[in-house]
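Architecture at a glance
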Amino acid sequence: MRTRDAGGCSLLRDEARPYTRTPSLLSERILPLQFEPRDQFEQRQKKLEQIQALGYDPYPREFRWTDTPAALVEQYSQTPGAELETMNKEVRVAGRMVSFRLMGKAGFAHLQGAGKRIQIYVKKDVVGEPGFQLFHLLDLGDSIGVEGHLFRTKTNELSIWVEKIFFLSKALLPLPEKWHGLSDVEVRYRQRYLDLIANAESRQVFVTRARIIQELRRFFDARGYIEVETPMMHPIPGGAAARPFITHHNTLDIDLYLRIAPELYLKRLTVGGFDRVYEINRNFRNEGISTQHNPEFTMLEFYEAYSNYRDLMDMNEQMFRLLAENITGSTTVKYGDAELDFSKMQRLSMREAIGKYWPAGAGQAPTREKLAAPGGAQEATNRYNLWAKGAGAPYAAAKGPLQDGQWTGLLFETMAEDQLVQPTILYDFPTDISPLSKQKPEDPSLTERFEIYVAGMEVANGFSELNDPAEQERRFLKQIAQGGDEAPKQLDADYIRALCHGMPPTAGEGIGIDRLTMLLTDSPSIRDVIFFPLLRPESGESSSEAHRA
RNA sequence: AGGGGCGUAGCUCAGUGGUAGAGCAGCGGCCUUUUAAGCCGAAGGUCGUGGGUUCGAUCCCCACCGCCCCUACCA
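Each value, and the rule that gives it
Residues numbered from 1 in each chain as written. Chains lettered and ligands numbered in written order. Predicted model: local features only at pLDDT ≥ 70, side-chain atom pairs only at ≥ 80, totals over all residues. Heavy atoms only, no water. Pairing = 2+ DSSP bridges. Helix = DSSP H or I, 4+ residues; strand = E, 2+ residues; numbered from the N terminus. 1 Å grid on protein atoms, 1.4 Å probe; cavity = no way out; pocket = protein on both sides within 12 Å on 5 of 7 lines; lining within 4 Å. Points joined across faces, edges and corners; volume = space filled by probe spheres on them. Axes fitted to C-alpha atoms, helices over the stretch in contact; angles between N-to-C directions. Contact = heavy atoms within 4.5 Å. Parallel < 35°, antiparallel > 145°, perpendicular 65-115°, else oblique. Left-handed = near helix turned anticlockwise from the far one by under 90°. Nonpolar A, V, L, I, M, F, W, Y, C, P; charged D, E, K, R; others polar. Expected span 1.5 Å × (residues − 1). Buried < 20%, exposed > 50% of the residue type's maximum accessible area, 1.4 Å probe, protein only. Salt bridge = Lys/Arg side-chain N within 4 Å of Asp/Glu carboxyl O. Phe/Tyr/Trp six-rings, centres within 6.5 Å; stacked < 30°, edge-to-face > 60°. Lys NZ or Arg CZ within 6 Å of the ring centre and 35° of its normal.

Turning next to the sheet that holds strand S8 (residues 246-249). Pairing within the open sheet is antiparallel, and its three strands lie in the order S7-S9-S8. Lying at the two open borders of the sheet, with one neighbouring strand each, are strand S7 (233-234) and S8. Here four bridges tie S8 to strand S9 (residues 254-258), and the two strands are oriented antiparallel to one another. Following the sheet pairing, histidine 248 is matched in S9 by aspartate 255.

Turning next to empty space enclosed by the protein. Scanning all chains against the criterion turns up one cavity of 30 Å³ or more. Each pocket or cavity is described by its volume, and for the largest cavity that value is around 30 Å³. His234, Ile236, Gly238, Ala261, Pro262, Glu263, Leu264, Tyr265 and Asp492 together form the lining of the largest cavity. Among the elements that make up the lining of the largest cavity, the one with the highest residue count is helix H10 (residues 263-271) (three residues).

Attention now goes to the sheet that holds strand S4 (residues 143-152). Sheets are built from strands that pair by backbone hydrogen bonding, the pairs being arranged parallel or antiparallel. What the five strands build is a closed barrel, ordered S1-S2-S3-S5-S4; its pairing is mixed. Here the strands of the sheet are splayed against their neighbours by 55° on average, with no regard to which way each runs. Of the strand pairs in this sheet, strand S1 (residues 90-103) and strand S2 (residues 106-113) are connected by seven bridges, and their pairing is antiparallel. Considered in S2, the bridge of methionine 103 is made with alanine 106. Seen against the sheet, helix H6 (residues 124-137) touches S1, S2, strand S3 (116-123) and strand S5 (158-169) and runs at an angle of roughly 45° to S5.

Running from N to C, H10 and helix H17 (residues 493-500) point in directions that differ by 25°, and their axes come no closer than 9 Å. Classed by the angle they form, the pair H10 and H17 counts as roughly parallel. Note that H10 runs across H17; the crossing there is left-handed. In this structure, H10 contributes Leu264, Lys267, Arg268 and Val271 to the contact, and H17 contributes Asp494, Tyr495 and Ala498. Of the residues assigned to the contact of H10 with H17, the class counts are four nonpolar, no polar and three charged.

The next thing to look at is helix H3 (residues 38-53). Counting along an α-helix, one turn takes 3.6 residues, and residues three or four places apart therefore face a common direction. When the terminal C-alpha atoms of H3 are compared, their 23 Å separation across 16 residues agrees well with the 22 Å that a helix rising 1.5 Å per residue should span. Among all positions in H3, only Phe41, Arg44, Gln45, Lys47, Leu48, Glu49, Ile51 and Gln52 are buried. Just downstream of H3 lies glycine 55, where phi reads positive at about 105°.

Remark: helix H9 (residues 200-222) packs on helix H11 (residues 309-328), axes separated minimally by 10 Å, with the N-to-C direction vectors making an angle of 140°. As judged from the angle between their axes, H9 and H11 are oblique. The handedness of the crossing between H9 and H11 comes out as right-handed. Contact residues: H9 offers Thr208, Arg211, Ile212, Glu215, Leu216, Arg218, Phe219 and Phe220, while H11 offers Met315, Met319, Leu323, Asn326 and Ile327.

What follows deals with the pattern of salt bridges. In the structure shown here, the tally under the stated rule is 33 salt bridges. We note a salt bridge from arginine 61 to aspartate 57, for which the minimum N-O separation is 3.2 Å. Here arginine 282 makes a salt bridge to glutamate 296, at a shortest N to O gap of 2.7 Å. One end of the pair, arginine 282, is in strand S10 (residues 276-284); the other, glutamate 296, is in strand S11 (residues 296-305), and 14 residues separate them in sequence. What makes glutamate 296 partly exposed here is its relative accessible area of 33%. Here the salt bridges do not stand alone but share partners, grouping Lys47, Asp139, Asp142 and Lys170 into one network.

Here S3 pairs with S5 via three bridges, running parallel. When the sheet's bridge partners are listed, isoleucine 120 is paired in S5 with isoleucine 160. Note that S4 and S5 share ten bridges and pair antiparallel. Its bridge partner lying in S5, serine 143 is registered against serine 169.

A few words now on the pairing of S10. Relative to S10, strand S6 (residues 226-227) runs parallel, the two being bridged by two bridges. Bridging from a neighbouring strand, glutamate 227 pairs with tyrosine 278 of S10. Looking at chain direction, S10 and S11 are connected through nine bridges and run antiparallel. Along S11, the bridge assignment pairs tyrosine 278 with phenylalanine 302.

Let us look at the environment of asparagine 382. By the secondary structure assignment, asparagine 382 is in helix H14 (residues 376-391). Classification of asparagine 382 as partly exposed rests on a relative accessible area of 42%.

This paragraph deals with the packing of aromatic side chains. With the rule as written, the count across this model stands at 20 aromatic pairs. Here phenylalanine 206 and phenylalanine 531 contribute two aromatic rings whose centre-to-centre distance is 4.0 Å and whose plane-to-plane angle is 15°, an arrangement assigned as stacked. Separated by 325 residues along the polypeptide, phenylalanine 206 in helix H9 and phenylalanine 531 in the loop between helix H18 (513-521) and helix H19 (541-548) bring together distant segments of the chain. Judged by relative accessible area, phenylalanine 531 falls into the partly exposed class, the value being 38%. Aromatic side chains phenylalanine 412 and tyrosine 453 sit 5.5 Å apart centroid to centroid with 65° between the ring planes, which places their arrangement in the edge-to-face category. Separated by 41 residues along the polypeptide, phenylalanine 412 in helix H15 (residues 404-415) and tyrosine 453 in strand S17 (residues 443-454) bring together distant segments of the chain. Take phenylalanine 412 and tyrosine 453: they sit in the same class, and that class is buried. Chaining the aromatic ring pairs together yields one cluster made of Phe219, Phe220, Tyr225, Tyr278 and Phe302. Above the ring of phenylalanine 219, the side-chain terminus of arginine 223 is found at 3.6 Å from the ring centroid. Sitting over the face of the ring of tyrosine 265, arginine 268 holds its NZ or CZ atom 4.6 Å from the ring centroid.

Geometric descriptors of this kind do not, in isolation, establish any biological role.
What follows is the structure, encoded as structure tokens:
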């Protein structure tokens, strides 16, 4: 038998280190903190005492295993029982006990590890008296290790014939109910560890999330990008329009802002000669929470010198197709009731999209020329609103006076955004709502900017980066002058200074990793793809009790 | 922030204007190939919290708390 231990540690090691500590008094094992269900909590602490009294270390330090439950199930799922007998495959396996059927002097249990479960069979005359006493004292949720060989039961289930049993760790609190699993969404989010134990699909979502990030890294690494990390605490929040979280540094006695975007720092790196950079990390926005918004969310942002937004669009099409294929096995991905086809992306300019999705009942759809003319977007919005109010559809409500480009953006969001179910590249955003994007040479009212929409969600935002410091300064000052909650309050002079040192023509983009994960895992809520989504802290006795101690 | 929904045993859920039930988990007992194991027995609850109506409220009414959904906010 081989062990996985690279250090060549002998299998005898477990036996060579018997537990010698004098069994402690029951009272020593009792936790001062109490958790529900109280009776089971106390019961299990008593059992832990009894396990210790049998001579087992209540908190042993290691277990040398040869296979995980998942690996065995994977490897031997098709091997017939007779073959297993002749192989006499000896294994050492650790896992959490998730089912338990005791029948007098023998019993079955399932051990869960690496996301899969394997059955074990424990017989008193095989494991001996103390081993079987230990088996008796186990509860669902306990971690144990077993040593034995593979066989198949009467009902042909791959199982481990246990010769030796090792106690690894006690679950003082019970697992979620065994056949309904854990369905209370609040508990699933607050106590994600239980969700991960009880719900294989939930575990799979997070495994997939990790694979998505891995694939993205591979994609960019292969293209000569360098992964970097830039500050998350900013003296001046910038790079997006959002309200920031404020924090304070004591020694410097200054307020700092949790970043709302890494954009301005990544572009400083482009100035510094890092021509291809990406960063995958958190942004923080002090705004609402919804199925598509978590106050902290993960963004991939990348910058590529000497390219423009058209290059990025092509690259994105390729990247999304590749991701869908490598992650789900197909370019067609089920999301809710929709079948998302990532084999190609429709491309529409924002003004085209308004024309295309203009409701039939609202009269003549505005032409691109009409939308481009001064006042045209506002006029179209008014006509749309008139229809929407009659039809009971959402209408566009402007807070305060808007510029032409802002009307265009508002109209698009109101009427077209959630209709973009199939992967769509929406391009040519108004300059008025794109302060960091380069203008189109033939039409300064528009910028070389695009966003990718899938299932009505914005998942990416990219553009040819504005690298003219004079124009950038004008745009910043205009934003500040316009005011509003989300507008920057302060000019980032160092960013302008960096641009003055010369930034090559560059294209950059941000991709929302959480939303991308939602799409590729068919998750309806962003909370399903974030381990610990922000929730209101638990109130009431149990938590305050827990924090007091 | 507004609208809707939910909150009953540890878990999943029934239920009624007369102070509550099932299955699973837990506890005691029997059982050496079970898998939602089975059988016998005992236990488990401030019916989210606080007020009101009522002779009497878990149920009806009001407020609050928590979660979910929709809307709003959201580059």
